[in-house]
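Residues per chain, in single letters:
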Amino acid sequence: MFINFFFDLKQANLPVSLKEYLMLMEAMDKRVIDSFNVNDFYYLSRSALVKDERHLDKFDRVFGHSFKGLESGEEGSVTEIPEEWLRLMGQKYLTDEEKKLIESLGGWDKLMETLKKRLEEQKERHQGGNKWIGTGGTSPFGAYGYNPEGIRIGQKESRNKKAVKVWDKREFSNLDGDVELGTRNIKIALRRLRRFAREGAETELDLDNTIKSTAHKGYIDVKMMPERKNKIKVLLFFDVGGSMDAHVKICEELFSAARTEFKHMEYFYFHNCLYDTVWKDNVRRYNEHIQTWDLLHTYPSDYKVIFVGDAEMSPYEITYPGGSVEYWNEESGETWLTRMLNIYENAIWLNPIPERYWDRITSASIIQQLFSDRMFPLTIEGIDQAMKELNK
Amino acid sequence: MKFEGTSTYIATEDLKVAVNASITLERPILVKGEPGTGKTMLAHEVAKSIGAEIITWHIKSTTKAQQGLYEYDAVTRLRDSQLGDEKVKDIKNYIRKGKLWNAFENDKRPVLLIDEIDKADIEFPNDLLLELDKMEFFVYETGETIKAKNRPIIIITSNNEKELPDAFLRRCFFHYIKFPEVETMEEIVNVHFPEIKQELIKEAFKIFYNIRDVPGIKKKPSTSELLDWLKLLMTDDIDAKVLREKDPKKLIPPLYGALLKNEQDVHLFERLAFISRRESENTE
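Conventions and cut-offs
- Residues numbered from 1 in each chain as written.
- Chains lettered and ligands numbered in written order.
- Predicted model: local features only at pLDDT ≥ 70, side-chain atom pairs only at ≥ 80, totals over all residues.
- Helix = DSSP H or I, 4+ residues; strand = E, 2+ residues; numbered from the N terminus.
- Buried ≥ 20, exposed ≤ 12 C-beta atoms within 10 Å, placed from the backbone.
- Contact = placed C-beta atoms within 7 Å.
- Nonpolar A, V, L, I, M, F, W, Y, C, P; charged D, E, K, R; others polar.
- Pairing = 2+ DSSP bridges.
- Axes fitted to C-alpha atoms, helices over the stretch in contact; angles between N-to-C directions.
- Core = buried A, V, L, I, M, F, W, Y, C linked by C-beta atoms within 7 Å.
- Parallel < 35°, antiparallel > 145°, perpendicular 65-115°, else oblique.
- Left-handed = near helix turned anticlockwise from the far one by under 90°.
- pLDDT = per-residue confidence, 0-100.

Visitor: Tell me what's going on with the overall build of chain B, and back it up with residues and numbers.
Guide: A count of helical and extended segments in chain B gives 13 helices and nine strands. Scored against the burial criterion, the 284 residues of chain B give a buried share of 27%.

Printed below as a string of structure tokens:
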């Protein structure tokens, strides 16, 4: 029935499945909603087909597109107008002659009956014409009809003031996965890294399971479990200055979210590319340096490394010694990055510039290659992917 | 048997449609939303509204799917056998029924609330797939199959701390409780505090929504915190005039501890108050 809508959703990359579609059909079949109300159908289909708030905005857009032009159904919901009301209205507005004419049609009751029958027959909104209920026609029913026996239906507000459809309000646009980040969204993306898994060789005694198993079997049965690898350890490197000034806010948010999420986190700053020194305090940037070698020797290889930068610089700054714009570096940025990547297996680069521009920036492509394609955009989806990568 | 909201719980249109779909099709419904928006309350209200019993299962990080079905208490049995107790002969005496078992065995159709399912292990929802689908499970120790007499209405809440597996999501309906708009919020407040004065609501709402809009705030105050705050205001008899104080020295609203739960948020607020106080002093 709504097959096209279903395929539109699939094309927009929403994870809908056949099972959910059949669930929706079953719900329609069992008359969960009054099928003439588009809003209710919107709510029902949303409830059956969308299972994560990230996709709600996309769903709204596809729904609006697929069902464009559908009237909101609020106009002319005639069956809900009570008879009494119509009768009173009639007495107020109709002149004596008109009242006599009503009598000619058999009185109010006959009129209401005929109206009900016509509504059942009517399939869609109609303009002009003689028999169906619609606007501007001469049938006894409908608004703006010239027939003195006509009944005004549903035109309580002016014609131009249509209610805004619920899905066009786009209420969920800030929950979308592709949108810019706010601190809450970053936290949700970073939480992927939060898993405290027990992995590896089984070296610890598992007391609870030992007791259970002993009781179960009736003889001593010792159970071991692997050591709890907790406390994700992260090294964060931020590119500061120059072109990164435009991305300060987002880096701040990322930083504050990361600080609360990761138990062990160390952060350092660099400019454009990693060279032999980094610093921790931007105010004393030129006085207090930390040797990158010291870092490599201090932090063991199970640390996860995240670089945050726009990777926007002249390619010489990466590939040549002396390429740094601030001082003469003995070894090229590329050497340093490779050294780092050899020690820390789990490393990624987060780029605040949108992904579509990366292949136009040479330096970004170079860095992407160095990182074996582990460069991700600084969006929720991007951070999500990045965290998945770091978890490997 | 339709859910229309109750006198103590304001349900929006879309929530009603989702809950009714779940009741009619006898499938679970997953409810997500910001903390403090009434997810757990929803289950209680649905039970009240349709006159069913409610069974709650609060999930912890150590909860296993098996615990919802039943647990075989082997330790007690071992001890009893050493004491020579007659109960030992029948294993049925040591099967402790779980919440799902209770829900299935209920004579009338109950509401089963699985609260905060995302707290458990990532495999937890997957372990419950068959039970949620067919509403039956097999007891290995006694060899019997427990089938649901009446399919319970299952309401599952999640705080979004973990991703839920796809296979699990396929089998449920979904609803995201948005943070209520001003009109809905007014209705909620009126339902909880029928005697509250309208001016107090207006001033309190202004302050509340302003706090929510402050950029950089770590935890935005939610519906339940607003209600707590209003209750405190009313108990302390603070009226709208005090809230309307434009005096920058008193920029921090009274009893703000009910709204701002984070030290950093309080500091941020104090700093903003300090800044605006300085500004007003400079202009004087």
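Visitor: Could you give an account of the overall build of chain A, naming the residues involved and the relevant values?
Guide: Scanning chain A from terminus to terminus reveals 15 helices and 11 strands. Expressed as a percentage of its 392 residues, the buried residues of chain A come to 29%.

Visitor: Please provide a residue-by-residue account of the interface of chain A and chain B, values included.
Guide: Taken together, the contacts link 28 residues of chain A with 22 residues of chain B. Broken down by secondary-structure element, the contributors of at least two residues to the side of chain A that touches chain B are α2 (18-29), α3 (38-49) and α9 (207-217) of chain A. Ranked by residue count, the leading element in the side of chain A that touches chain B is α3 of chain A, at six residues. Residues that form the side of chain A that touches chain B fall into these classes: 13 nonpolar, five polar and 10 charged.

Visitor: Go over unusual backbone geometry with me, naming the residues and quoting the values.
Guide: Backbone geometry at A311 of chain A places phi at a positive 55 degrees, although glycine is not the residue there. Looking at the element boundaries, A311 of chain A is found in the loop between β9 (304-308) and α12 (316-319). Within the chain, E116 of chain B stands out as a residue other than glycine whose phi angle is a positive 60 degrees. Assignment of secondary structure puts E116 of chain B in the loop between β5 (111-115) and α6 (124-127).

Visitor: Kindly report on the sheet that holds β5 of chain B, identifying the contributing residues and their values.
Guide: Residues and elements named next belong to chain B. Pairing is parallel in the open sheet, where five strands are placed in the order β2-β5-β8-β1-β9. With partners counted over all chains shown, the strands left at the sheet margins are β2 (54-58) and β9 (173-177), one partner each. On average, each strand axis in the sheet is tilted by 20 degrees relative to the strand beside it, whichever way the strands run. Alignment of β2 against β5, held across five bridges, turns out to be parallel.

Visitor: Help me get a handle on the environment of L260 of chain B, residues and values and all.
Guide: Residues and elements named next belong to chain B. Mapped onto the elements of the fold, L260 is located in the loop between α12 (240-243) and α13 (263-283). In this structure, the C-alpha to C-alpha distance between L260 and S222, residues 38 residues apart in sequence, is 10.0 Å. Filtering out sequence-adjacent residues up to four positions away, L260 remains in contact with P221, D265, V266 and F269.

Visitor: Please give an account of the environment of V46 of chain B that cites residues and values.
Guide: Residues and elements named next belong to chain B. Structurally, V46 is set in helix α2 (residues 39-50). You can call V46 buried: it has 26 C-beta atoms within 10 Å. In contact with V46, not counting residues within four places along its chain, are F3, V19, V111, I153 and I155.

Visitor: Tell me about the nonpolar core, and name the residues and values.
Guide: One broad rule of soluble globular proteins: the nonpolar side chains tend to lie buried together. L44 of chain A together with I29, V46, V111, I155 and I156 of chain B are the most contacted members of the largest nonpolar core, which has 63 residues in total. Aside from chain neighbours lying at most four places away, what touches I29 of chain B is A18, V19, S22, I155, I156, C172, F173 and H175 of chain B. Judged by nonpolar contacts, the second largest core, of 38 residues, contains Y275, Y303, V308 and M375 of chain A.

Visitor: Give a description of the packing of α3 of chain A against helix α1 (residues 13-25) of chain B that names residues and reports values.
Guide: Running from amino to carboxyl end, α3 of chain A crosses α1 of chain B at an angle of 60 degrees, the nearest separation of the two axes being 9 Å. When the interaxial angle is binned, α3 of chain A and α1 of chain B end up oblique. Every pair of crossing elements has a handedness; the one defined by α3 of chain A and α1 of chain B is right-handed. Of α1 of chain B, the residues touching α3 of chain A (which contributes N39, D40, Y43, L44, S47 and A48 of chain A) are E13, D14, V17, A18 and A21 of chain B. Per-class residue counts for the contact of α3 of chain A with α1 of chain B are six nonpolar, two polar and three charged.

Visitor: Tell me about the sheet that holds strand β5 (residues 233-239) of chain A, and name the residues and values.
Guide: Residues and elements named next belong to chain A. Across the sheet, which stays open at both edges, the five strands sit in the order β6-β5-β9-β10-β11 with parallel pairing between neighbours. The sheet is open, and its two borders are formed by β6 (264-270) and β11 (375-377), each paired with just one other strand. Looking at each pair of strands side by side, their axes are set apart by 25 degrees on average, direction ignored. Sheet analysis places β5 next to β6, joined by seven bridges and oriented parallel. Paired with F238 across the bridge in β6 is Y269.

Visitor: Requested: an account of the environment of L390 of chain A, with residues and values cited.
Guide: Along the chain, the position of L390 of chain A falls in helix α15 (residues 380-390). The class for L390 of chain A is partly exposed, based on 19 C-beta atoms found within 10 Å.

Visitor: I'd like a description of the confidence of the model for chain B, backed by residues and values.
Guide: When pLDDT is averaged along chain B, the result is 84; 96% of the residues meet or exceed 70. Model confidence for the complex: the whole-complex pTM is 0.63, and ipTM, which rates the interface, is 0.79.

Visitor: Give me the lowdown on the packing of α9 of chain A against helix α4 (residues 74-83) of chain B, citing residues and values where you can.
Guide: Close contact between α9 of chain A and α4 of chain B brings their axes to 8 Å; oriented N to C, the two are set at 45 degrees. As summarised for this structure, α9 of chain A and α4 of chain B are arranged oblique, according to the angle between their axes. The chirality of how α9 of chain A crosses α4 of chain B is left-handed. The residues of α4 of chain B that touch α9 of chain A, namely those facing I211, K212, A215 and H216 of chain A, are A74, V75 and L78 of chain B. Tallied by class, residues from the contact of α9 of chain A with α4 of chain B come to five nonpolar, one polar and one charged.

Visitor: How would you sum up the confidence of the model for chain A? Please name residues and give values.
Guide: All names here are of chain A. When pLDDT is averaged along chain A, the result is 74; 64% of the residues meet or exceed 70. Scored below 50 in pLDDT, residues 72-78 shows 17 contacts in the model against residues more than four places distant or in partner chains. Below a pLDDT of 50 lies the segment residues 123-162, which in the model reaches 66 contacts outside its immediate sequence neighbourhood of four places, other chains included.

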